[in-house]
Amino acid sequence: EEVPDAEIPAASRKIASLSSPLRAIVRLRRRYRVQKKSRLHLELPREKPAEFVHTRLLQRQLSLNRTGLYGPSMSLFNQTGFESSQYFTFDTSVEQHAMKKCRRKKSRRKSRMVLYPDKTKRYLPTEEKSKAKRCLFLLMAIIFFQILNAIENLDDNLQKYDLDGLEKTMHREVFGQRVAVESIVELLKDYLATHIHNKPLVISLNGPTGVGKSHVGWLLAKHFRSVMASDFVLQYFVMHHCPSGVAPLTCEIDLSEKISDIVTRAEIEEKTPLFILDEVELMSPVLLDTLSRFFEPNQTNEFLNAIYILISNIGGGEITKFLIQNDSAELLRQHRGAEELVSIIQPVLSHVHPLWESADIVPFVLLEKTHVVNCFLEQMRREGLYPEQKHLEHLADQLSYYSAGGKQYSRTGCKQVVAKVSLQ
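Residues numbered from 1 in each chain as written. Predicted model: local features only at pLDDT ≥ 70, side-chain atom pairs only at ≥ 80, totals over all residues. Heavy atoms only, no water.

Caption draft 1: Structural detail: helix α11 (residues 285–294). Among all positions of α11, only Leu287, Leu288, Thr290, Leu291, Ser292 and Phe294 are buried. In the core, the buried residues of α11 are packed alongside β2 (233–237), α10 (248–269), β3 (274–278), α12 (301–304) and β4 (307–312). (Buried < 20%, exposed > 50% of the residue type's maximum accessible area, 1.4 Å probe, protein only. Helix = DSSP H or I, 4+ residues; strand = E, 2+ residues; numbered from the N terminus. Contact = heavy atoms within 4.5 Å.)

See the structure below:
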């Protein structure tokens, strides 16, 4: 039987009017939670701690007690709703922690994919071999073999002139000039190590008389004649080739023709000519001007490939004065002392003529008494004599010496040795 509307109690009507909005609110909250779960991918642990479960049960019981005030229909509805809702909680700290953890995992996952890709081939870029690398390796190999070939050619050139043998000979036969000999050999090695030059090599041997300058020139001429033909070596003595009675212009023409002829033939034979000019201090200004033109860098190639040895006594007085006043014999046996002597005699040579500005100056120092004794021994051996040491010292005592720092330095060097030996 249908009960008329008038018979429905007023309280039941009032509860029915309130339950529909509440149901709508519950549906909205449930939809909001579902969307939130789908967006955050929230995964709570399956095994929950006892305290957490107890707290959730208390919260559910409180919410059931509250909804019981609205009637049995509302309590039943909320009870089923809460039973189906397994993740609802008012504890925001747990949800925030889960959200932060989820975001951290998400950011880490993204960063790994971008910054740290897997080692599988699909994530790695395809490697393509460039042909430019092969060309680069080929170019490096070509350059390496060219450098190796150039070094071998330089070694062959130095072996052709046998500069090591020249150095041994000069150390054996030149006394008291170790630094000068080393400087000369070093200049020759640097120059003859290459075939292309921007200027000729000019070496000026300067020092007092009798210290071995002319003897070094004679050894150089002898050595280069042995390794090359004698046509490429010129020994020019001013007193012999240009006597005082000959006009300077004639001497200039003669010297220019000799140098040009030797240089031209040496260029054809691919040789480096050697010009030894002794007694340069006796040359006239005209001859010095002629030589300076051959020393200039702006010339044809054949005139750039030449070696000039200038021998003179210019600067010998300054060397003697420096040695006696400073008593630095040990210093002069070192390269540092030779550089100091060069700075002293360079202004003197430049004052005589500007051609010395383009020359490498090698100073020769005074000889000690022991060096003079060795000169006597070497000369007597050449004559076939083998004297005793006392006899050699007796011959050396006949010469005059400077005394400085407890040592004796010969005034004339070994210049009078040949004459003394000839009188024996």
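Having seen the structure, we can now continue with the description.
Caption draft 2: Structural detail: the packing of helix α6 (residues 163–173) against helix α7 (residues 178–192). Running from amino to carboxyl end, α6 crosses α7 at an angle of 165°, the nearest separation of the two axes being 10 Å. For the element pair α6 / α7, the angle class is roughly antiparallel. In this structure, α6 meets α7 at a crossing whose hand is right-handed. Facing Leu163, Asp164, Leu166, Glu167, Met170 and His171 of α6, the residues of α7 in contact are Arg178, Val181, Glu182, Ile184, Val185, Leu188, Lys189 and Leu192. Residue composition of the contact of α6 with α7, grouped by class: 8 nonpolar, 1 polar and 5 charged. (Axes fitted to C-alpha atoms, helices over the stretch in contact; angles between N-to-C directions. Parallel < 35°, antiparallel > 145°, perpendicular 65-115°, else oblique. Left-handed = near helix turned anticlockwise from the far one by under 90°. Nonpolar A, V, L, I, M, F, W, Y, C, P; charged D, E, K, R; others polar.)

Caption draft 3: Up close: α6. Within α6 the residues assigned to the buried category are Leu163, Leu166, Met170 and Glu173. The buried residues of α6 occupy an angular sector of 100° when the element is viewed end-on, so they sit on one face. The outward face of α6, more than 90 degrees from its buried face, is lined by the exposed residues Lys168 and Arg172. (Arc of directions from axis to C-beta.)

Caption draft 4: The packing of aromatic side chains, seen in detail. Enumeration over the complete set of coordinates arrives at 4 aromatic pairs. A centroid spacing of 5.0 Å and a plane angle of 20° characterise the contact between phenylalanine 275 and tyrosine 308, whose relative ring orientation is stacked. A residue pair is termed long-range when its members are at least 10 positions apart, and phenylalanine 275 in strand β3 and tyrosine 308 in strand β4 qualify at 33 residues. What makes tyrosine 308 buried here is its relative accessible area of 0%. Ring plane angle 65° and centroid distance 4.9 Å describe the contact between phenylalanine 295 and tyrosine 308, whose orientation is recorded as edge-to-face. One end of the pair, phenylalanine 295, is in the loop between α11 and α12; the other, tyrosine 308, is in strand β4, with 13 residues separating them in the sequence. Across the pair, exposure class does not vary: phenylalanine 295 and tyrosine 308 are buried alike. Site record: aromatic cluster; members linked through ring pairs are Phe275, Phe295 and Tyr308. Sitting over the face of the ring of tyrosine 401, lysine 369 holds its NZ or CZ atom 5.9 Å from the ring centroid. (Phe/Tyr/Trp six-rings, centres within 6.5 Å; stacked < 30°, edge-to-face > 60°. Lys NZ or Arg CZ within 6 Å of the ring centre and 35° of its normal.)

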